[in-house]
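Listed below are the residues making up each chain.
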Amino acid sequence: MNITRSAQNPVIRVRDVVPSRPDFRVLGAFNAGVAQLGDETILLLRIAEAPISDRADEVLVPRLNEAGTDVRVERYDKNDPAYDFSDSRFIARNGRTVMLTSLSHLRVARSIDGIHFEIEPQPALFPEHALEAWGIEDPRVTQIGDIYYITYSSASAHGVGAGLAETRDSGHSSAAD
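Numbers given to residues run from 1 along each chain, matching the order in which its sequence is written. Only residues with pLDDT of 70 or above have their local features reported here, since the model is predicted, and side-chain atom pairs are shown and tallied only from 80 upward, although totals for entire chains, interfaces and linings are computed over all residues. The basis for the side-chain values is all heavy atoms of the structure; hydrogens and waters are excluded.

Draft legend 1. Local environment of the environment of Ala133. What counts as a helix is a DSSP run of H or I of at least four residues, what counts as a strand is a run of E of at least two, and both are numbered from the N terminus. As for its placement among the helices and strands, Ala133 is situated in the loop between strand 8 (118-119) and strand 9 (135-144). Exposure is judged per residue with a 1.4 Å probe applied to protein chains only, and the accessible area is read against the type maximum: over 50% gives exposed, under 20% gives buried, and values in between give partly exposed. Owing to a relative accessible area of 18%, Ala133 belongs among the buried residues under this scheme. Measuring from C-alpha to C-alpha, the distance between Ala133 and Gly68 comes to 8.0 Å, with 65 residues separating the pair along the chain. Here a residue-residue contact requires only that any non-hydrogen atoms of the pair lie within 4.5 Å. If sequence neighbours within four positions are ignored, Ala133 has contacts with Leu64, Leu103, Ala155 and Ser156.

Draft legend 2. Representation of the side chain of Glu137 within the structure. Here Glu137 lies in strand 9. Using a relative accessible area of 16% as the deciding quantity, one classes Glu137 as buried. Think of a polar contact as two N or O atoms within 3.5 Å of one another; within protein, one of them needs to be a possible hydrogen donor and the other a possible acceptor, and neighboring residues in sequence only count if both atoms come from side chains. Within the structure, Glu137 has its side chain in polar contact with the side chain of Arg46 (distance 3.2 Å). Beyond its immediate stretch of four places on either side in the chain, Glu137 contacts Arg46, Ser104, Leu106, Tyr152 and Ser153.

Draft legend 3. Representation of the environment of Pro81 within the structure. When you line up the elements, Pro81 lands in the loop between strand 4 (71-77) and strand 5 (90-93). The exposure class assigned to Pro81 is exposed, which follows from its relative accessible area of 78%. Sequence separation between Pro81 and Arg21 is 60 residues; the distance between their C-alpha atoms is 31 Å.

Draft legend 4. Seen up close, the layout of surface pockets. Taken as a whole, the largest pocket encloses approximately 500 Å³ of empty space. Definitions used throughout: a 1 Å grid over protein atoms alone; a cavity as a set of points that fits a 1.4 Å probe which cannot get out; a pocket as an open set with protein on both sides within 12 Å along at least five of seven lines; a lining residue as one with an atom within 4 Å of a point. Surrounding the largest pocket, 26 residues form its lining, Arg25, Leu27, Ser88, Arg89 and Thr101 being those nearest its centre. Among the secondary structure elements, those contributing two or more residues to the lining of the largest pocket are strand 1 (24-37), strand 2 (40-51), strand 3 (58-64) and strand 7 (103-111). Classification used: nonpolar for Ala, Val, Leu, Ile, Met, Phe, Trp, Tyr, Cys and Pro, charged for Asp, Glu, Lys and Arg, polar for all others including Gly. Here the residues of the lining of the largest pocket sort into twelve nonpolar, six polar and eight charged. Grid points are joined across faces, edges and corners, and a volume is the space filled by probe spheres set on the points. When its volume is computed, the second largest pocket comes out at roughly 190 Å³. Residue lining of the second largest pocket: Arg63, Leu64, Asn65, Glu66, Arg72, Val98, Ala130, Ala133, Trp134, Ser156, Ala157 and His158, and that is the complete set. Within the lining of the second largest pocket, the residues separate by chemical class into six nonpolar, three polar and three charged.

What follows is the structure, given as structure tokens:
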């Protein structure tokens with residue numbers, strides 16, 4: 001197999017993705033799972049988003065509520081000596097990561113030519129419970145028969161886990177743990 005990099009790399013940039021909420025900004029679009037559906041190439045992208053803050057002395061943290069139905073935004077004062085804010089990706093306490101400053105979900109992008117993608121404006125898979133509280137990421141897609149199985153990693157204060165979802169049309173999925 002002869003593999004050649006596309007001259008249009010990267011084919012998807014952060015600026016190509018709209019935030020799922022008006023008070024959030026997109027930090028990254030990466031680690032896609034891929035599948036072929038008819039004439040379309042389907043990417044299942046990890047989208048990392050964070051709340052927008054206009055204050056230099058605070059860090060905003062997106063938190064999935066216990067029921068998994070909503071995301072609330074918590075504020076942390078950067079001058080609070082109980083926390084370590086030295087890495088913008090997370091907040092630590094006593095040398096341990098206690099929360100991430102972004103939340104990841106999975107979003108569908110579609111292309112006919114494999115280079116130019118239309119990215120859906122809302123998540124296809126979103127964190128749903130405490131074991132996914134910091135987000136879901138790194139999707140891998142496998143087709144068996146007419147079902148597409150999607151494995152992904154989940155992150156929370158409990159550590160990293162694995163999740164499984166399935167779909168028959170690469171556009172609608174149902175999660176199974």
